[in-house]
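Results of the structural survey
Each chain is listed here by its residues.
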Amino acid sequence: MRKICVIQIAGLSADIVRQHTELFAPLGMDFQPLIPPFPAVTCTAQATFRTGMDTARHGIVCNGVYSREQARVDFWNQSAHFMPPERIWSAFRRQGGTVGTICWQQSLGDDVDMILSPQPVHKHHGGMIQAFHSKPAGLYERLSETIGKTFSLFRYWGPTAGLSSTRWIAEATAAVIRLPEIRPDLLLTYLPHLDYVLQKQGPAPSKKVTKAVTELVAELTKVTAAAKEQGYELLIWGDYAITPATTPVYPNKVLREAGLMSTRDVNGMLYPDLHSSRAFAMVDHQIAHIFTRTPRDIGPAREALTGIPGIADISGHETMNHFRAGDLILTAEEGAWFAYPWWESPKQAPDYATHVDIHNKIGFDPCELFWGKLFPPTITLDTAKVRGTHGLTTAPAAWAGTLPELHQSGHAISLVALAGHLAAIMSQ
């Protein structure tokens, strides 16, 4: 049975590899351009890879899901059941191959042999109990003992996110590979911290970006060394290219000013009223899904958003043609990105706006990477601090591998094609 280790690196672009060729050279791999799926965001990319399907088929239309029945936005839901059940490894498992995932989004409940994924418990009166979902049971505790520390969610996202998250995952991946009774034949893992630096600093060459790439390669080397030692072949790929962010765009402010998005005043703070809203935007970096209450509201929403600086295109539902997609889909101009706020004064911001709260906000909030006040600690509301964004498919990501069947021609291939090639290799 073949053994393959897939390493997905957040924010690994063809440009980053080209700008730091000498740092990647010791890996001994020839990196190639990779066309990400649309939208080029984490959950969509990982779903595309696991299913070998495009967005219209697997239905992961961004990092969030809007339930029309509940009038509720849910970002970063970890259920694997949002996707169709077939995976690129399904035939491989039917032939007796084993599969494992480490820190992949939407992996809970997936039909695999091994899962490691953060699954915190949110306490009733606030705060969080850090916890991991572990299959088999006890694996997380065993790995933490081997590594010498537990995983910190505060280093995985938020103002203190950084290298230690990548380091723990890399060391856990290497440890799993070296455990004969645990290691799966196909292992998928995820290294995140380059993404944080690029969103904070922007993708232009700088000392901080070079430092982050140097750190990444050091941790990547730990995984590749363990993989080669245990006879694994390697496939490394990036989910998207982070590009410069200069212009935040606020579609919910536009829709609220047009009388289409409704809010409710709670102690002077404005909370979204999605039950009453005729239209609102679920935003995610450089894409926004516009959901309307009735088909009659689509025209007014389009009219309100037409001509707004920073919006490159307003297309219909057919762009993705999936029931989870918005009635309208906005894409941003180069350099622009969509911010979720709908209020005008900071005093009107809901309580969660100044905190890391990835589930209550109706859009992805990159401001969660930056401190606001330190006492008491809050995150910033200043969108001008964000320097990097993604979501468009105009800039290629990067991939490399040691699998001899993967023909590396130097020409860009799509992530769907790369996943299809791996599925064919595993089914042989």
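What comes next concerns the included structure. Keep in mind the model is a prediction, meaning the values are calculated, not measured.

Quick look at the overall build of the protein
For the protein, the count of helices and strands is twelve helices and 25 strands. Considering only C-alpha atoms, the protein reaches an extent of 60 × 45 × 40 Å along its principal axes. Within the span of the protein, comprising 428 residues, buried residues form 58% of the whole. Relative to all contacts within the protein whose residues are 6 or more apart in sequence, the contacts with residues 24 or more apart total 68%. Surface accessibility of the protein: about 17,100 Å² in total, with carbon and sulfur atoms responsible for 54%. Distance from the positive charge centre (37 side chains) to the negative charge centre (39 side chains) of the protein: 4 Å.

Comments concerning the sheet that holds strand S6 (residues 114-118)
Strands sit in the order S9-S6-S5-S10-S1-S11-S24-S2-S25 across an open sheet of nine strands; the sheet is mixed. Only two strands of the sheet have a single partner each, and these edge strands are strand S9 (132-135) and strand S25 (413-414).

A few points about helix H7 (residues 163-177)
Spanning 15 residues, H7 covers 21 Å between terminal C-alpha atoms, matching the ideal 21 Å at 1.5 Å per step. Burial analysis of H7 places twelve of its 15 residues in the buried class, which makes it a mostly covered element. Considered for burial, the residues of H7 that qualify are Leu163, Ser165, Thr166, Trp168, Ile169, Ala170, Ala172, Thr173, Ala174, Ala175, Val176 and Ile177.

Considerations on the pattern of salt bridges
When the charged atoms of two side chains with opposite charge come close together, those side chains can pair. Evaluation of the coordinates by the stated rule reveals 20 salt bridges. Here arginine 2 makes a salt bridge to glutamate 233, at a shortest N to O gap of 2.9 Å. Residue arginine 2 is located in the segment before strand S1 (4-9), and its partner glutamate 233 is located in strand S11 (residues 233-238); the two are separated by 231 residues in the primary sequence. Using a relative accessible area of 19% as the deciding quantity, one classes glutamate 233 as buried. Salt-bridge contacts for arginine 142 lead to glutamate 181; the nearest nitrogen and oxygen are separated by 2.5 Å. Of this pair, arginine 142 sits in helix H6 (residues 139-147) while glutamate 181 sits in the loop between H7 and strand S10 (186-191), placing them 39 residues apart in sequence. On the basis of relative accessible area, arginine 142 is assigned to the partly exposed category, the value being 36%. Where salt bridges share partners, they join Arg167, Glu171, Glu219 and Lys222 into one cluster.

Side note on the nonpolar core
In terms of nonpolar packing, the biggest core is built from 142 residues, with Phe31, Phe49 and Trp237 touching the most fellow members. At nine residues, the largest contribution of residues to this core is made by helix H9 (residues 207-229). Other than its neighbours up to four places away in sequence, phenylalanine 31 contacts Leu12, Val17, Phe24, Ile236, Ala398, Trp399 and Ala400.

Let's talk about the pairing of S11
Extensive coverage of S11 is indicated by the burial of six of its six residues. Because side chains alternate across S11, one face comprises the buried residues Glu233, Leu235 and Trp237, and the other comprises Leu234, Ile236 and Gly238, equally buried. Two elements, S1 and S11, share six bridges in a ladder whose sense is parallel. Its bridge partner lying in S11, cysteine 5 is registered against leucine 234. In this structure, S11 lies alongside strand S24 (residues 397-401), joined through three bridges in antiparallel fashion. Paired with leucine 235 across the strands is glycine 401, a residue of S24.

Observations regarding the packing of aromatic side chains
For the coordinates displayed, the defined rule picks out 20 aromatic pairs. Here a set of aromatic residues connected by ring pairs shows up, and it is made of Phe132, Tyr140, Phe151, Tyr156 and Trp168. The ring of tyrosine 250 carries lysine 253 above its face, with NZ or CZ at 4.2 Å from the centroid.

Remarks on a nonpolar patch on the surface
A contiguous nonpolar patch, built from Trp371, Leu374 and Phe375 and spanning about 390 Å² of accessible area, is present on the exposed surface. Along the polypeptide, phenylalanine 375 turns up in the loop between strand S21 (371-374) and strand S22 (377-379). According to the relative accessible area criterion, phenylalanine 375 is exposed, its value standing at 78%.

Brief notes about the sheet that holds strand S16 (residues 279-284)
In space, the four strands of this open sheet follow the order S16-S17-S19-S18, with antiparallel pairing throughout. Because the sheet does not close on itself, it has two edges, and the strands there are S16 and strand S18 (311-316). Sheet twist, expressed as the mean angle between neighbouring strand axes with direction ignored, is 20°. Pairing analysis gives four bridges linking strand S17 (residues 287-292) to strand S19 (residues 328-332), with the strands arranged antiparallel. Note that in S19 the partner of histidine 289 across the bridge is isoleucine 329.

Cut-offs applied
Residues numbered from 1 in each chain as written. Predicted model: local features only at pLDDT ≥ 70, side-chain atom pairs only at ≥ 80, totals over all residues. Heavy atoms only, no water. Helix = DSSP H or I, 4+ residues; strand = E, 2+ residues; numbered from the N terminus. Buried < 20%, exposed > 50% of the residue type's maximum accessible area, 1.4 Å probe, protein only. Contact = heavy atoms within 4.5 Å. Areas by Shrake-Rupley, 256 points an atom, 1.4 Å probe, with all protein chains shown as cover. Lys, Arg positive; Asp, Glu negative; His and termini not counted. Charge placed at Lys NZ, Arg CZ, Asp CG, Glu CD. Pairing = 2+ DSSP bridges. Expected span 1.5 Å × (residues − 1). Salt bridge = Lys/Arg side-chain N within 4 Å of Asp/Glu carboxyl O. Core = buried A, V, L, I, M, F, W, Y, C linked by side-chain atoms within 4.5 Å. Phe/Tyr/Trp six-rings, centres within 6.5 Å; stacked < 30°, edge-to-face > 60°. Lys NZ or Arg CZ within 6 Å of the ring centre and 35° of its normal. Patch = residues over 30% accessible without salt bridge, like charges linked within 9 Å, V, L, I, M, F, W, Y side chains within 5 Å. Axes fitted to C-alpha atoms, helices over the stretch in contact; angles between N-to-C directions.

Functional significance is not addressed by these values, which are geometric in nature.
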